[in-house]
Protein chains: 2
Amino acid sequence: MGVASSSTSSLLSLPSHQHHSFLLSTTTFCSQRKTKLDSRSHFSFNPTSKNIPFESHLQILAHSPTTPLSICGFHWKVGTLNCGRLRKMETEVGVGANTLLDLPGVDQDLVDKIAFDALVWSSLHGLVVGDKTAQRSGKVPGVGMMHAPFSLLPMSFPENQFKMACEVAPIFNELVDRVSLDGKFLQDSLSRTKKVDVFTARLLDIHSKMLEINKKEDIRLGLHRSDYMLDEQTKLLLQIELNTISSSFPGLGSLVTELHRNLLIHYGEQLGLDSKKIPGNTAVKQFAEVLAKAWTEYNNPRAVVLVVAQPEERNMYDQLWLSSILKERHNVTTIRKTLAEIDTEGELLPDGTLLVGGQAVAVVYFRAGYTPIDYPSESEWRARLLMEQSSAVKCPSISYHLAGTKKIQQELAKPNVLERFLDNKEDIAKVRKCFAGLWSLDDSEIVSHAIEKPELYVMKPQREGGGNNIYGEDVRETLLRLRKEGSEENAAYILMQMIFPSVSPTFLMRDGICHKDHAISELGIYGAYLRNKDKVIMNEQCGYLMRTKVSSSKEGGVAAGFAVLDSIYLT
Amino acid sequence: MGVASSSTSSLLSLPSHQHHSFLLSTTTFCSQRKTKLDSRSHFSFNPTSKNIPFESHLQILAHSPTTPLSICGFHWKVGTLNCGRLRKMETEVGVGANTLLDLPGVDQDLVDKIAFDALVWSSLHGLVVGDKTAQRSGKVPGVGMMHAPFSLLPMSFPENQFKMACEVAPIFNELVDRVSLDGKFLQDSLSRTKKVDVFTARLLDIHSKMLEINKKEDIRLGLHRSDYMLDEQTKLLLQIELNTISSSFPGLGSLVTELHRNLLIHYGEQLGLDSKKIPGNTAVKQFAEVLAKAWTEYNNPRAVVLVVAQPEERNMYDQLWLSSILKERHNVTTIRKTLAEIDTEGELLPDGTLLVGGQAVAVVYFRAGYTPIDYPSESEWRARLLMEQSSAVKCPSISYHLAGTKKIQQELAKPNVLERFLDNKEDIAKVRKCFAGLWSLDDSEIVSHAIEKPELYVMKPQREGGGNNIYGEDVRETLLRLRKEGSEENAAYILMQMIFPSVSPTFLMRDGICHKDHAISELGIYGAYLRNKDKVIMNEQCGYLMRTKVSSSKEGGVAAGFAVLDSIYLT
C-alpha cells in the first residue's frame, strides 16, 4: 500500500497542508500461510541517479499467524485475513474486528481501562481541540471542546532512524536559512510555478518587493517541522515535506508524549512496556523559548508576539499552549489576530515598527497565511505585505516561507544543488539521504515511467493545503493530458516517489471511542533556528510529532485519512 | 434581598442539594442620592433564645454614587439605579449594563483580555464540565466539554470571618463523628420525618439494620463541606447547611483559586490587586490525601477506591481530578460505578470484603446516592445496603449521611443539644455562633411569626436535591395549610432564618461569555476527618469553595440562581 503526502480529510481540524492522507496502491494482500503472493511492486531508490530508480519485486506484507508484527514492544499476532485487494480486505476486516488484533495477555477490559484513563488525562491536561459539531468551537476558547484524537499507545519506531532524523534537523534549519538568503534562487526556481499558481505568484510578488527595497532580515526565526515516513522495504527514512510556516502541534504533540508516558507508568508492567522508551518531547517548551529569545533580540520590552490566526481555528489549543508557556515561563505577551484584523488595525511607523491595535509587535508568528483560503480578499494580502515590510521578526519571513515550497524541495533534490547552500560534505550526505525521489514534469523519462507505473508516484501540486495530491490512475491520466496539451501547467506539479510505510494494527481514540485499525505513521521532527546577523542564537532539533493514520477508507466506518496524534516507542 | 438554601436551577450540573438559588424578598431598592428609603426588613438573631428573634429596621442597600462598594479590593462606584422593586430593577439594569459597574481605570478592553486569558487557562488546565447541550457529555470523558462557569475575579471576603469558618471546620468534623455514634439520637430526631419522607425513611431503615447487627465502623472517614453566608447586617457568618455526603467541587474549586491567582499575577498591577491575598486552596489534594490514608488504614494493597457516580454526571471532571491525584500522588486506583452497577457487580465475602466486578473495595466514596432521584428502583437501595454491610470504609457511612440532614442540623441548634456531643465550651460557642435560626414546625410561636412575615424565613423540606425550598408568600400559604390540616406533614419541614448577604457587582463567565451582574456569594469550607478506633488520623480544614450567584432572575437573560465557581480575596 502506498502513501505520500499531502492532503485531504483528517479528523484534526488543522492546516491541511500539514497532514496527509492515503490512497491505496494496487497492492494485493494475502495472509495464506507462507504463501508469497503479492502483486505489489516495490523499489529501491538512489536519489542521486537520474535513471529510473525502480525495481519491482514481490513482497509479503501480510504476515503469517506465526510471524509477529511488532508494535509498542508487543508482539501482535495478525489473524487470518481474506485474500483479495486491499480495499476489499479493509471492508471485510473492518474496525474493531477482534480477529485483527490478538494481543496475548491484553484483554478488552484492560484496553477499556487504559482508554478511559487516557480520555480523563486528556480532558484534565488540555489535550483538547474544538469539536467541529459545536458552533463556536473554532472561535471562542472554552466552549465546544473535546479530546484531541490520539493513539492509545505509542508507535514503535527504530531508535537509529529517530536519532538520524533528529540529527539532521539543525542542518535543515541551516539549509532553509541559506536558501532564504538567495533571492535569485528562489525567484528563478519558482518562475515557472509562478505562471500557473496564483498563490505562489502573490508570495513571490511580496518577495520581489522586499528584494527591490533591499529589505534585510537581521533577526531570522525559523520554527520548522520536517515530516518523514519510514519506507518499509528500504528502511529509509524519507522526507515527505519540510514545513517552514505554521508547523502545527508543538503543543498537543508534547502532551501526547506525556499522556503515553503516564499510561505506561501505570500500565507498562501489564503491557510489558517501559515508559522510558518514549523519548522526551519538549517541542512546545523549546518553541516558546526560541520565540522568547527572538522577542528579546527585538529588544522592545513593551512589544508583543503577534499570533496570526485563522478566523476559525479548532486547533486553537495547540497554539494557546504556546502562548500560555510564553507568558508563564518567559513573561512575553501574545495577541491573536486574523489577517483581516491586522489589515484593519495594523500600521507601520516610520522606523519600521509594526503596530497592531496600537501595540508594537516584536515577533509575527504565523499560524495562518499558508493557504490561498487564508487570503479571501486583498485585505489579507495587504496585511501580509505590511508585516513583511515591518521590522518585526517574521516566523517565517516570506523567504523562509518560499524556501519550504514543494518546488524548492524538488530543486534541492537535484544533483549539486545542496552543495550551493551547505559546506559540510557529511551534512550534505545526511540531508540527501532523507530525500525521496523528486522530479519536475520536465523530466520526460520519469513522466513516461509514471504513466507506465502510476502507483509508484504521487503528483503534488505547488498549491498548499487543499488535498490536491494526485494518486494512482489519476496520475497516469493527468500526465497524459498534460503531455497532449503541452501546457505551462506542467510547472504546477512535481512528481514524488511513492513511499510504502509499514502497516501496524493500532488503537485510535476519537470522539471518546477506541477504534482498532491498521495504521501507518508519519514522523515530524521540529527544528528551531534563530540568528541575529552573524550570530546563531539557537539551532536545535526540538521534540517531535508522530501522527498515525488509518491506512485506508472504510465503508461507513472511519473516514479516509483519519489521523491521530501519537508518540514514539523506541525499538 | 433574602437568600437561603437550598434549591433549584443552576448552570453547574451538580448535586442540586449542594447549591442554592435565591428568591427575592420584598426588598425595595432605591439609589436616589442619600435617600434612606427601603421597605426591607432585617433582623438580628439570638439563636439561643426561643423568643421571636426579629426586629425590623430600615436599611440602605443601594449605595449612593459616592458610596463605594468594595469588591476584589477595588472600589466600585455603583451607578444610578432605578427605584422600584428589585425584580424590576434587575430587568431594567440588565446584564452588561455599563452603568452598573464603573470601575475606574478598568476598561472593557482589559476585561476582555482577562476574560480571554481566563477561558484559555480553564481549557488548558482542566477547569471543565460537561456541556449539557452535548449528548454524551455526562457519560464519556473527553467529549462535549466546556469551561466550568466561574467568576472572572475573586470575591472579597473579610479575613477574620474566613479564619473563623476555617477554625470551626475541625469542630464540625468532630461533631459529625460524635453524632454518628449516637444511633438513638439519629433515630429519635428523625422519627417523625421518617413518617412523611420516604427517602429519609429508607436511609433510616438501613441505619436501623446496622444498629440491629451492631455494625461498628472502626475506620470512619468524613469529607464534609460546611456552607455559609455572611449576613450583611449582623456581619455574622451563618451556616446554610453541612454536607456530609458528596461534598462537591474540591477539584474545580481548587482550580478556580489557581486561575484567579494566575490572573492577578498577570493583571494584578493594572487592577490594583495582590495575588497573595487569595488564600491557598488545597481542597483536592487534601481530599485525595485523606482518601489515600483511609485506603492505607483498610490495609489491602490490591483494593481500590470505589467512586459511586451518577449514570450521567456533567460534573465528572471535578470527581476525576480527585481520582487522578489519588493515582498520581498516592498510587491508589479508583473505579467508578453507578449504584445499579454495584447492585449487579457487587458481592460481599464472608469476611465483609466488598467486591465490585471482582475487585476488593477499600473505600466507598459517594458522589451519588444523596437524592431520591439516585434510587429509581430497589436495585440502587440493595447496592447501598450491600456497601453499608461491608467492611469497606464508607465516605460517608449511613450514620454520617444522616448526621448531615437538615432535621439534625435543626436539632443541634436547639439549646443544650451541642453539649451532648462536644466537651469543650469554647468549641461549642464557636459552632453555635454559626447557627442560623432553625426551628421545627412544632414551634407555634415561630410558625405564627413566619405566617406574619414570611419573607424572613425559608421552609426547607427534609428531601435533598430537589429545589424544594419554599420562600416568600408560599411560606405563608404552606404554613396556613399545614396548620389547618394538622397533618404529620409538619415533620417534613424545618424553618430557617432568611439570610441577607450583601450584593456585589461582579463578572460571571459562562458559556464563553462574560456577564456583568449583581451577585451574592456563599462560602463552603471543606473538612476532612479520619479515625481508626480511638486514633484520630486526620482532622483538618482543607480548602474552600466560594460560589457566586446572580442575585435574581432576568427576563430572557441569565437564569435564576445562575451560580459560578469563585475564590476569595481577603480584605
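The structure presented is a predicted model; accordingly, all values stated were derived computationally and were not measured.

Reading guide: rules and limits
- Residues numbered from 1 in each chain as written.
- Chains lettered and ligands numbered in written order.
- Predicted model: local features only at pLDDT ≥ 70, side-chain atom pairs only at ≥ 80, totals over all residues.
- Heavy atoms only, no water.
- Least-squares fit on C-alpha atoms with pLDDT ≥ 70 in both.
- Contact = heavy atoms within 4.5 Å.
- Helix = DSSP H or I, 4+ residues; strand = E, 2+ residues; numbered from the N terminus.
- Buried < 20%, exposed > 50% of the residue type's maximum accessible area, 1.4 Å probe, protein only.
- Buried area = accessible area lost by both parts, 1.4 Å probe.
- Salt bridge = Lys/Arg side-chain N within 4 Å of Asp/Glu carboxyl O.
- Expected span 1.5 Å × (residues − 1).
- Bend = angle between axes of the 7 residues up to and from the residue.
- Pairing = 2+ DSSP bridges.
- pLDDT = per-residue confidence, 0-100.
- Axes fitted to C-alpha atoms, helices over the stretch in contact; angles between N-to-C directions.
- Parallel < 35°, antiparallel > 145°, perpendicular 65-115°, else oblique.
- Left-handed = near helix turned anticlockwise from the far one by under 90°.
- Nonpolar A, V, L, I, M, F, W, Y, C, P; charged D, E, K, R; others polar.
- UniProt positions renumbered as here; feature names shortened; annotations may be inferred.
- Polar contact = N/O pair within 3.5 Å; in protein donor to acceptor, adjacent residues only side chain to side chain.
- Phe/Tyr/Trp six-rings, centres within 6.5 Å; stacked < 30°, edge-to-face > 60°.
- Lys NZ or Arg CZ within 6 Å of the ring centre and 35° of its normal.

K.L.:
Mind showing me how you'd approach the relation of the copies chain B and chain A here?
P.N.:
Here two copies of a chain appear, and what relates them is a rotation about an axis with a shift along it. The transform that puts chain B on chain A rotates by 180° and translates by 0.0 Å along the axis, for an RMSD of 0.0 Å. Taken together, the rotation angle and the small translation identify this as a two-fold axis. Closest approach to the rotation axis among the C-alpha atoms of chain B is made by Met-145 of chain B, whose C-alpha sits 2.4 Å away. In this assembly, 97% of the residues forming the interface of chain B have copies in chain A that are likewise at the interface, indicating an isologous arrangement.

K.L.:
Would you mind showing me how to read unusual backbone geometry here?
P.N.:
Glycine aside, negative phi is the norm for most residues, and most peptide bonds take the trans geometry. Residue and element names in this part refer to chain A. Put simply, Cys-395 and Pro-396 share a cis peptide bond, and its omega is 5°. Its place among the elements puts Pro-396 in the loop between β17 (393–395) and α12 (398–403). Located in the positive-phi region is Asn-331, a residue other than glycine, with phi close to 55°. Secondary-structure assignment places Asn-331 in the loop between α9 (316–330) and β13 (334–337). Despite not being glycine, Asn-416 shows a phi value in the positive range, around 65°. Mapped onto the elements, Asn-416 comes out in the loop between α13 (406–412) and α14 (418–421). Overall, Asn-416 belongs to the exposed group, its relative accessible area being 58%.

K.L.:
How do you make sense of the interface of chain B and chain A when you look at a structure like this?
P.N.:
Often the size quoted for an interface is simply the accessible area lost on bringing the parts together. In this assembly, 31 residues from chain B lie in contact with 31 residues from chain A. Of the roughly 2500 Å² buried between chain B and chain A, counting both surfaces, carbon and sulfur atoms make up 63%. At the junction of chain B and chain A, the tally comes to two salt bridges. Only α2 (108–124), β7 (145–147), α7 (250–271) and α9 (316–330) of chain B provide two or more residues apiece to the side of chain B that touches chain A.

K.L.:
Teacher, can you tell me more about helix α3 (residues 159–181) of chain A here?
P.N.:
Think of an α-helix as turning once every 3.6 residues; residues three or four places apart then point the same way. In this model α3 of chain A runs 34 Å from its N-terminal to its C-terminal C-alpha over 23 residues, within 8% of the 33 Å that 1.5 Å per residue would give. In α3 of chain A, a bend of some 30° at Ala-169 of chain A exceeds every other bend along the element, and Pro-170 of chain A, a proline, comes one to four places later.

K.L.:
Help me understand the pattern of salt bridges, please; the structure alone is not making it clear to me.
P.N.:
Note that side chains of opposite charge can pair when their charged atoms are close. Scanning the entire structure with this criterion turns up 59 salt bridges over all chains. Ionic pairing is found between Asp-182 of chain A and Arg-420 of chain A, a salt bridge with its closest N-O pair at 3.4 Å. Of this pair, Asp-182 of chain A sits in the loop between α3 and α4 (183–189) while Arg-420 of chain A is found in helix α14, placing the two residues 238 residues apart along the sequence. Since its relative accessible area comes to 23%, Asp-182 of chain A is described here as partly exposed. In this structure, the salt-bridge partner of Glu-522 of chain B is Lys-549 of chain B, at a minimum N-O distance of 2.6 Å. Of this pair, Glu-522 of chain B sits in strand β23 (residues 513–532) while Lys-549 of chain B sits in strand β24 (residues 535–550); the two residues are 27 residues apart in sequence, bridging distant segments of the chain. The buried category is assigned to Glu-522 of chain B, whose relative accessible area is 0%. Bridged by salt links that share partners, the residues Arg-225, Asp-227, Glu-522, Arg-547 and Lys-549 of chain A form one connected network.

K.L.:
Where do I start with the sheet that holds strand β20 (residues 470–471) of chain B in this structure?
P.N.:
Within a beta sheet, neighbouring strands are joined by backbone hydrogen bonds and run either parallel or antiparallel to one another. Residue and element names in this part refer to chain B. Taken in spatial order, the four strands line up as β18-β21-β19-β20 in an open sheet, and their pairing is antiparallel. The open sheet is flanked by β18 (438–440) and β20, the only strands paired with a single partner. Relative to β20, strand β19 (residues 457–461) is paired through two bridges, and the arrangement is antiparallel. Residue pairing for β20: Met-459 is matched across the bridge by Ile-470.

K.L.:
What am I meant to see in α9 of chain A here?
P.N.:
Residues and elements named next belong to chain A. The end-to-end C-alpha separation of α9 is 20 Å, in line with the 21 Å expected for 15 residues at 1.5 Å each. Buried residues dominate α9, accounting for 11 of its 15 residues. Immediately beyond the C-terminal end of α9, within one or two residues, lies Asn-331, with a positive phi of roughly 55°.

K.L.:
Explanation requested: the confidence of the model for chain A in the structure shown.
P.N.:
Predicted coordinates in regions of low pLDDT should not be interpreted in detail. All names here are of chain A. Within chain A, residue pLDDT values average 82, and 79% of them lie at 70 or more. For residues 1–102, every residue scores under 50 in pLDDT, and the model assigns this stretch 297 contacts once sequence neighbours within four places are set aside. Here residues 553–560 scores under 50 on pLDDT; set against residues more than four positions off or in separate chains, the count is 15 contacts.

K.L.:
What am I meant to see in the sheet that holds strand β18 (residues 438–440) of chain A here?
P.N.:
Residue and element names in this part refer to chain A. Read across the sheet, four strands follow the order β18-β21-β19-β20 without closing on themselves; strand pairing throughout is antiparallel. Bordering the open sheet on either side are β18 and β20 (470–471), each of which pairs with just one other strand. Pairing of strand β19 (residues 457–461) with strand β21 (residues 493–497) involves five bridges; the strand directions are antiparallel. Residue pairing in the sheet places Tyr-457 in a bridge with Gln-497 of β21.

K.L.:
Honestly, the pairing of strand β22 (residues 504–510) of chain B in this entry has me stumped. Any pointers?
P.N.:
Residues and elements named next belong to chain B. Summarising burial for β22: six of the seven residues are buried, a large majority. Where strand β8 (residues 150–151) and β22 come together, two bridges link them in antiparallel fashion. Among the inter-strand pairings, Phe-150 is bridged to a residue of β22, identified as Met-509. From the end of β22 to the start of β23, which pair antiparallel, there are two residues, and Asp-511 there has a positive phi angle of about 55°.

K.L.:
Mind showing me how you'd approach the packing of helix α16 (residues 444–452) of chain B against helix α17 (residues 473–485) of chain B here?
P.N.:
Pairs of packed helices are described in terms of their axes, by the angle between the two and the distance that separates them. Residues and elements named next belong to chain B. Across the interface, α16 lies against α17 with an axial gap of 8 Å and an inter-helix angle of 135°. The angle between α16 and α17 places the two elements in the oblique class. Where α16 crosses over α17, the two elements pack in a sense that is left-handed. Along the contact surface, α16 presents Val-447, Ser-448, Ala-450, Ile-451 and Glu-452, while α17 presents Val-475, Arg-476, Leu-479, Leu-480 and Arg-483. Partitioning the contact of α16 with α17 into residue classes produces six nonpolar, one polar and three charged.

K.L.:
How should I be thinking about the UniProt feature "binding site: Mg(2+)" (unreviewed entry) in chain A in this particular structure?
P.N.:
All names here are of chain A. In the numbering used here, UniProt assigns the feature "binding site: Mg(2+)" (unreviewed entry) to Glu-241, Asn-243 and Glu-464. Considering the arrangement of structural elements, one finds Asn-243 in strand β11 (residues 237–243). A distance of 3.0 Å separates a polar atom in the side chain of Asn-243 from a polar atom in the side chain of Asp-227.

K.L.:
Sorry if this is basic, but what is going on with the packing of aromatic side chains here?
P.N.:
What describes a pair of aromatic rings is the distance from one ring centre to the other and the angle between the planes of the rings. Evaluated as defined, the whole model comprises 16 aromatic pairs over all chains. Above the ring of Phe-366 of chain B, the side-chain terminus of Arg-384 of chain B is found at 4.6 Å from the ring centroid.

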